[in-house]
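Each chain, letter by letter, is given below.
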Amino acid sequence: MAVTLNVTDGEEGEWAVLRVSGEMDLVTSPVLRQRVHDAVADGRRSVVLDLSGVLFCDSSGVGVLIAARRLIRSCQGRLRLILPAQGAVDGSHVNRVLAALGVRRLFDVYPDVAAAVGEESTPLSA
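Residues numbered from 1 in each chain as written. Predicted model: local features only at pLDDT ≥ 70, side-chain atom pairs only at ≥ 80, totals over all residues. Heavy atoms only, no water.

A. Examining the overall build of the protein more closely. On a plain count of helices and strands, the protein comes out with four helices and five strands. For the protein, the C-alpha radius of gyration of 13 Å lies close to 14 Å, the compact-globule estimate for 126 residues. Projected onto its principal axes, the C-alpha coordinates of the protein cover approximately 35 × 30 × 25 Å. Residue burial in the protein is summarised as follows: out of 126 residues, 44% are buried. Pairs at least 24 apart in sequence give 67% of the contacts found in the protein among residues at least 6 apart. Total accessible area on the protein is roughly 6,700 Å²; 51% of this is exposed by carbon and sulfur atoms. Computed over 13 positive and 15 negative side-chain charges, the separation of the two mean positions in the protein equals 7 Å. (Helix = DSSP H or I, 4+ residues; strand = E, 2+ residues; numbered from the N terminus. Rg over C-alpha atoms; globule rule 2.2 N^0.38 Å. Buried < 20%, exposed > 50% of the residue type's maximum accessible area, 1.4 Å probe, protein only. Contact = heavy atoms within 4.5 Å. Areas by Shrake-Rupley, 256 points an atom, 1.4 Å probe, with all protein chains shown as cover. Lys, Arg positive; Asp, Glu negative; His and termini not counted. Charge placed at Lys NZ, Arg CZ, Asp CG, Glu CD.)

Dropping the structure here:
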């Protein structure tokens, strides 16, 4: 069985929305890294990564998320993650991995895209 990662582009107002599904690992994570770099190169400074469709994430996937945060912050941008509390099995896998590694607090996390792009929205607590 081939490991796959699918990233689709979208827009919600000023926000670039990258919807990610599949598995984020050593083989597939560079796809997401490139898509984030492409969005920033296109002038996008407000990026939402919808990770609600991610089934698996290892340390290389987490590394890509941290690198994306660093890149977007370096150009005074905003990065928001979608990590729903309710998921296939016991919530978002990525949320559990980030929490276990102690880096969940680095990210502004929202339950869905509508909440992430809303001006009055508040991130979920870590």
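B. Examining helix α3 (residues 93-101) more closely. If you check which residues of α3 are buried, you get His93, Val94, Val97 and Leu98. Down the axis of α3, the buried set is contained in an arc of 130 degrees. They therefore lie on one face. Contacts from the buried residues of α3 go to β3 (46-57), α2 (59-74) and β4 (78-82). Note on α3: the residue one or two positions beyond its end, Gly102, has a positive phi of about 75 degrees. (Arc of directions from axis to C-beta.)

C. Seen up close, the side chain of Arg44. Along the chain, the position of Arg44 falls in the loop between α1 (29-41) and β3. By relative accessible area, which is 18% here, Arg44 ends up buried. Only 3.1 Å separates the side chain of Arg44 from the side chain of Glu11, close enough to count as a polar contact. One polar contact links the side chain of Arg44 to the main-chain carbonyl oxygen of Glu14, over a distance of 2.9 Å. For Arg44, the contacting residues outside a window of four places in its chain are Glu11, Gly13, Glu14, Trp15, Ala16 and Ala39. (Polar contact = N/O pair within 3.5 Å; in protein donor to acceptor, adjacent residues only side chain to side chain.)

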